[in-house]
Structures are given as structure tokens and as C-alpha cells.
Amino acid sequence: MSATASAPLSGKARLTPRQRFWHRARHHRGFVFGAVVLATIVAVAIFAPLIAPHDPYLQVLSDRMQPPVFLGGTWHHPLGTDALGRDYLSRLLYGARISLLIGLVAATISAVIGTTLGILAGYFGGRVDTVVTFLINVRLALPVVLVALAVVALLGGSLTVVVSVLGLLLWDRFAVVLRSATRQVRTIEYVAAAEVLGASLPRILYKDILPNIANHLIVIATLEMAHAIILEAALSFLGLGVQPPLPSWGLMISEGKAMLLFQSWLITIPGVALFLLVLAINMFGDGIRDVTTPEGRD
Amino acid sequence: MAVLVALTVSIISFSLLYLSGDPAVAMAGENADDAAIQAIREGYGFDRPFIVQYGDWLFSALRGDFGESYYFRVPVSEVIADRLQITMLLGLFSTSFALVVAIPLGVAAALWPNSIIDRAALFLSVVGQAIPSFWFGLILIVIFAIDLRLLPASGSGTWAGFVLPTVVLGYYATPAIMRLTRTGMLEVLSADYVRTARAKGLPAPNIVFKHALRNAIIPVVSLAAVQMGFMLGGSVVVESVFALHGAGYLAWESISRNDLPTMQALVLIFSMFYIAFTILADVVNAWLDPRLRVS
């Protein structure tokens, strides 16, 4: 399907796949938007200690519930302060670290589980496939929020517990999609060639199958990262996720809920941050999917 | 397969009890002495082997007996029954809401691809999926309950109390249904029999709704059934935001209060509902699509 390096049709076709990817990506508006916003949030998270105007845990009780600048506050606290007098901007910046960390680690754990199951099921078929399909069905039948809440309540709400629970629960989409992708790739000649050449099984799975389903893998990884971030915020909001005084965005919304009547910006600000992060990750993922799919690399 | 899945899920729901280590210690509380813990252990039968406890629990559960709630001190089944009605109602409303919004949008998007409607629908679905439901709920409370004073912020006493939770729970299922309607319609609209209908000179609405939509909607119906299963899980968050006293809110309450029997029962019931809805989706699909029945 795609123009390969051995068939130069025009000047453009000589671009390497990577060059072609960037060429297409630069012209994909959603991808550019997602990438820019995401890069900004990542930079903010990394450099939070340098940017943040105050200590996110420092309580100044005389400065409680200062409004943000655009609602008549001062530049001393650009986004105001919360009910304990902590600087809201600083908490927001440090909160980005928690969201990104949870998204990345949870998506990685579930990617490892789901990809392994998916590739094995797709490559071997038969009984292995039946077992994996069974596991997927069991996982889908379990209500994620409920099980996550229960586990956090019973084991305690540390960052490690929350990340592990989400990582162990969100692998279903990886398994479903990579199973069918592997099935398609498996029938292509070079896999048969590798088998005939006597390549070892791990080598075939790792060198021949995995690179050819990698774009699916990346797209689902972004989706599940966004999913994990939203779920962490929801769990923390319900009081059974990350525990105070950590500046999780979900927890900030939960704490702001008490002031809903008078200070609605306390929930608006972290909510908008959460929305932007999830939107950026989704658009970034959708962009990668749009840009890589028409290449016909699988 | 479904039976095996259900059995495995029941084992998982039962094992949740042991996740914290010793359930007797968890129940007794922090300041209990050894004698009190031992009394609870014997009273609730935690000293028996795991398999015996599980078998006992499962057979009682099959008869609708989930034991006694630690918190309410009444049978769990009694506590759940009322609450489940509210959640079922909410699920039904939300699914209807999602279908009513998503199908017309999907059809319009397919009729005029790349038009403003199509782009707006796509934009809405991308944005919609990024809004956390609990936050969306709070924002709606601020707008409709506090600023405009149109709808109640919480409670399930009146019909009005269901409006905001329905919107919040329903919008989450909307993008998926809309996209599926759009792809289905695009496919069907380019099919031969639609071209024939056009050539015969049938009026356009007739073609779209009688010929095209009826076929395009088949996968949507099964998606809606599966989404309803997911909504039961989503109800935990939404009902807590609106303090709607359904099964989802009960789940949150029982988890926060360490009411393990109620929690176990709810995990099991929610899973069973999901399994039932997926089976229902298959049945409805076969009924709607004669091609599936033949093969």
C-alpha cells in the first residue's frame, strides 16, 4: 500500500517514515494543540519548585480565601488562596506533578499487562486466546470505580496504592485492541519468514510483532493515561484517593466543594486545569492515530 | 463463558473482604482488645476456612441473602433493594438522554459530512470526553441550583432532582453513541439499496429514516445496552455529587463506613448487571439483525 523506499514516486516519497510522520503531524491542528498544551503542563510540573510563588503546603491563616487576580485579588496570590490560606497557584502547579505521575505510571503498568495478554492471545490463538478473552470479560464486568474505591479504602490512600489499583484495572483496552492487531500482523509474510528462519519466539514477538502494533499501543496509552488521571481525580474527590495535604486537583475540587456557594472559583480553577490536561492528552493521541493510520504501515 | 465470568467475579467480590488482612480486626475498630476481636471472628464465622466462607456466602447470595449490614443492622438485601430502584431509574433516564442527543447529531453529521454540524458534533464529543463528570456536576449545581435556582442541588424526592444527574451521567455515553451512529449512517447511505431508493424517487426523509437509520442503528442498540452497564459504575461518582440516594451512593457510604457485606453485595450486583446487559445486547442484536441469526 504505502510508498516504500524502493519505489521512489516523487521527491516526497523519499522521506523516511519518521520525516513523513513529522511532516503530517505539523499540519494536524489537533495534534499541534495537544502537543503544545501537554508540553507546557509537563514543563510546569517539572519546574514547579522554580515557578511556584509560594510553598504549596504553607498555611497562612490570616490570608484565607483570597480571591484570584481576575476577581479583585492581588498579585501576591495570583490565583488566590484556599480555605487554609495556601497559595492556590502553587498548589495547582504541584498538582500537575501528581496527575502526570499517576497517568504515566498507571498507563505503563496497564500497558505492560494488556500488551502481553493481547500479543499472546493474538499470536497463539486457540486456548491462550480463550483464557485471555475470559480475563478481559472478568475485568470488564468489574465496576472500576467501585473496586478502586474499595481497595483504596481497605489498603489506605497512598499514591502507590492509587497508582497500582488504576494500573491493574485499566489494561482491558490494550488487550482487546492489541489482540486483534497482532492477529492481523501475524498473517503477514515476514512473520512466517522469521518463523521459517528459526527465530526464537521472544524475538518474533519483540522484533516482528511489537514494532508493527506500536502505533496502536501509543494511541491507547494516551487514552488510558487520560482515563487514569480522571479516575484519580474522581477517587480523590470522593475522599478515597490521594490524601491531604497533597495538592491533587481532584482533592482541591473536593475541598473547594464546601465553599461552593460563595467561592466557586475554588472548584473552577482546578477543574479547568484537569479538563485542559485531559483534552490535550486526548487530542495528542487522536493526532497520532490520524497521522499514523493512513501510512498503511500495518 | 458468562457463568464462569460471573463465578470469578463473585470470588473477587468476596476476597475484597480479606484485602485489608483480617476482617475481624477491621470491623472491631482501632481501640478493640483481643477478646472483642475474637468474639467478632467467631460471631461472623471468620475463623472458618476461606472456601467454606465463600461457598456459604455464594449460596446465600444466590437466594438473595447477603448477610446483615454492619452499619444499618438490617439485612443487606433490604438496604439495597430501595436504592437499586433509584439507580436503575437514573440509568434508564441517562441512557435515553444519551440516545436522544446522540442519534440526531450522528445522523446530521453523516448526512452532511465535514459541514459545520459535523465539526461541531466532533468538537463536542472531544471536549465532552475531557470533562470530569464530578466537576461537570458541580458546575451544573452552581449554575442551575445556586445562580438560577431552577433545580434542586441534591435529593431524589422529586422528579426535578433527577434532571442534573441524568445530564451528567448521560453526556458521558453520548460521544461513543454519536460516533457509532455517524459511521453506521455513512456506510449505509452509500449502500446499493439506498441508491436504488433514491433512484426510485422516494422522498429524502423516507430514505434516511426508514431505509438507512433502521440498519445503521443496530450496533447502536447493543452499545447502549453495554453503556448502561458502565453507567451503574459511573453512578457511584454522580450520585455522590448530587447526594442522590441510589445504589451508587450507598456503595460510597458503605465503603467509607467499612460496611463490608454491603460493599461485597454491591460489587457483585453491579458486575452481574453488566454481564446481564452484555447478554441482552447480544440477544437484541440477533433479534434486530436477521443476518446474525442465520450465522
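Note that the structure is a prediction, hence the values are computed from the model and not measured. (Residues numbered from 1 in each chain as written. Chains lettered and ligands numbered in written order. Predicted model: local features only at pLDDT ≥ 70, side-chain atom pairs only at ≥ 80, totals over all residues. Heavy atoms only, no water.)

1. Quick look at the overall build of chain B
Here is step 1: Helix and strand counts for chain B come out as 15 helices and zero strands.
Here is step 2: Once the C-alpha set of chain B is aligned to its principal axes, its extents read approximately 85 × 55 × 30 Å.
Here is step 3: When the 295 residues of chain B are sorted by exposure, 47% land in the buried category.
Here is step 4: By sequence separation, contacts in chain B at least 24 residues apart represent 74% of the contacts at least 6 residues apart.
Here is step 5: Put simply, chain B shows about 14,300 Å² of open surface, and 66% of that area lies on carbon and sulfur atoms. (Helix = DSSP H or I, 4+ residues; strand = E, 2+ residues; numbered from the N terminus. Buried < 20%, exposed > 50% of the residue type's maximum accessible area, 1.4 Å probe, protein only. Contact = heavy atoms within 4.5 Å. Areas by Shrake-Rupley, 256 points an atom, 1.4 Å probe, with all protein chains shown as cover.)

2. Some thoughts on the overall build of chain A
Here is step 1: For chain A, the count of helices and strands is 12 helices and zero strands.
Here is step 2: Ordered by position from the N terminus, the helices and strands of chain A form the series α-α-α-α-α-α-α-α-α-α-α-α.
Here is step 3: Each of the 298 residues in chain A was classed as buried or not, and the buried ones make up 50%.
Here is step 4: At a minimum sequence separation of 6, the contacts of chain A that also span at least 24 residues come to 71%.
Here is step 5: Each charge sign in chain A was given a centre, from 22 positive and 16 negative side chains, and these centres are 7 Å apart. (Lys, Arg positive; Asp, Glu negative; His and termini not counted. Charge placed at Lys NZ, Arg CZ, Asp CG, Glu CD.)

3. A look at the interface of chain A and chain B
Here is step 1: Between chain A and chain B, the contact holds 40 residues from the first and 40 residues from the second.
Here is step 2: Between chain A and chain B, roughly 3,600 Å² of surface is buried when both sides are summed, and carbon and sulfur atoms account for 85% of that area.
Here is step 3: Looking only at chain A, the three residues that lose the most surface to chain B are F134, L146 and L154 of chain A, adding up to 18% of its buried area.
Here is step 4: Run the count over chain A and chain B and you get zero salt bridges.
Here is step 5: Our count for the contact surface shared by chain A and chain B stands at three residue pairs in polar contact (both at pLDDT 80 or more).
Here is step 6: For the side of chain A that touches chain B, the elements supplying multiple residues, two or more each, are α5 (126–141), α6 (144–155), α10 (201–237), α11 (249–257) and α12 (265–292) of chain A.
Here is step 7: It is α12 of chain A that contributes the most residues to the side of chain A that touches chain B, 10 residues altogether. (Buried area = accessible area lost by both parts, 1.4 Å probe. Salt bridge = Lys/Arg side-chain N within 4 Å of Asp/Glu carboxyl O. Polar contact = N/O pair within 3.5 Å; in protein donor to acceptor, adjacent residues only side chain to side chain.)

4. Observations regarding the domain arrangement of chain B
Residue and element names in this part refer to chain B.
Here is step 1: Per the domain assignment, the segments making up chain B are domain 1 (2–62) and domain 2 (84–292).
Here is step 2: Spacing between the C-alpha centres of domain 1 and domain 2 amounts to 36 Å.
Here is step 3: Contacts between domain 1 and domain 2 engage 13 residues on the former and 10 residues on the latter.
Here is step 4: Summed over both partners, the interface of domain 1 with domain 2 buries about 960 Å², with 78% contributed by carbon and sulfur atoms.
Here is step 5: Where domain 1 touches domain 2, the interface holds zero salt bridges.
Here is step 6: At the boundary of domain 1 and domain 2, one finds one residue pair in polar contact (both at pLDDT 80 or more).
Here is step 7: Looking at the side of domain 1 that touches domain 2, the elements with two or more residues in it are α1 (2–15), α2 (23–28) and α4 (50–62).
Here is step 8: Among the elements that take part in the side of domain 1 that touches domain 2, α1 stands out by supplying seven residues, more than any other.
Here is step 9: Of the residues that constitute the side of domain 1 that touches domain 2, the class distribution is 11 nonpolar, two polar and no charged. (Domains from an automatic or database assignment. Nonpolar A, V, L, I, M, F, W, Y, C, P; charged D, E, K, R; others polar.)

5. What about unusual backbone geometry?
Here is step 1: Geometrically, the link from P244 of chain A to P245 of chain A is a cis peptide bond, its omega value of 10° lying close to zero.
Here is step 2: By secondary structure assignment, the location of P245 of chain A is in the loop between α10 and α11.
Here is step 3: The phi dihedral of N114 of chain B is positive, around 65°, even though this residue is not glycine.
Here is step 4: You can see N114 of chain B is positioned in the loop between α5 (76–111) and α6 (116–130).
Here is step 5: We classify N114 of chain B as exposed; its relative accessible area is 57%.

6. Notes on the side chain of T174 of chain B
Residue and element names in this part refer to chain B.
Here is step 1: Note on placement: T174 falls in helix α9 (residues 174–189).
Here is step 2: Here the side chain of T174 touches G170 through a polar contact of 3.0 Å, landing on its backbone oxygen.
Here is step 3: For T174, the residues in contact, after removing those within four places along its chain, are A98, V101 and A102.

7. Comments concerning the packing of aromatic side chains
Here is step 1: Taken as a whole and assessed by the stated rule, the structure comprises 14 aromatic pairs over all chains.
Here is step 2: Their ring planes at 40° and their centres at 5.3 Å tell us that F14 of chain B and W57 of chain B sit as a pair that is tilted. Here the residue F14 of chain B occupies a position in helix α1, and W57 of chain B occupies one in helix α4, the gap between them amounting to 43 residues.
Here is step 3: Residue classification places F14 of chain B among the buried positions, given a relative accessible area of 3%.
Here is step 4: For W57 of chain B, a relative accessible area of 9% puts it in the buried group.
Here is step 5: Ring-pair connections join several aromatic residues into one group, and the members of that group are W22, F31 and F284 of chain A. (Phe/Tyr/Trp six-rings, centres within 6.5 Å; stacked < 30°, edge-to-face > 60°.)

8. Things to note about the UniProt feature "transmembrane region" (unreviewed entry) in chain A
Residue and element names in this part refer to chain A.
Here is step 1: Under the local residue numbering, the UniProt record ascribes the feature "transmembrane region" (unreviewed entry) to residues 30–52, 98–124, 144–170, 218–240 and 260–281.
Here is step 2: Helix makes up 85% of residues 144–170 and strand 0%. Its end C-alpha atoms lie 8 Å apart.
Here is step 3: Strand forms 0% of residues 218–240 and helix 87%; the C-alpha atoms that close the span are 30 Å apart. (UniProt positions renumbered as here; feature names shortened; annotations may be inferred.)

9. Quick word on the nonpolar core
Here is step 1: In terms of nonpolar packing, the biggest core is built from 160 residues, with L166 of chain A together with F134, M185 and F270 of chain B touching the most fellow members.
Here is step 2: Among the elements that line this core, the one with the most residues is α12 of chain A, at 13 residues.
Here is step 3: Here this core spans two domains, since at least three of its residues come from each of domain 1 (2–62) and domain 2 (84–292) of chain B.
Here is step 4: Excluding residues within four positions of it along the chain, L166 of chain A makes contact with I102, A106, A228, L231, E232 and L235 of chain A.
Here is step 5: Among the nonpolar cores identified, the runner-up in size contains 11 residues, and I119, A194, I204 and L205 of chain A belong to it. (Core = buried A, V, L, I, M, F, W, Y, C linked by side-chain atoms within 4.5 Å.)

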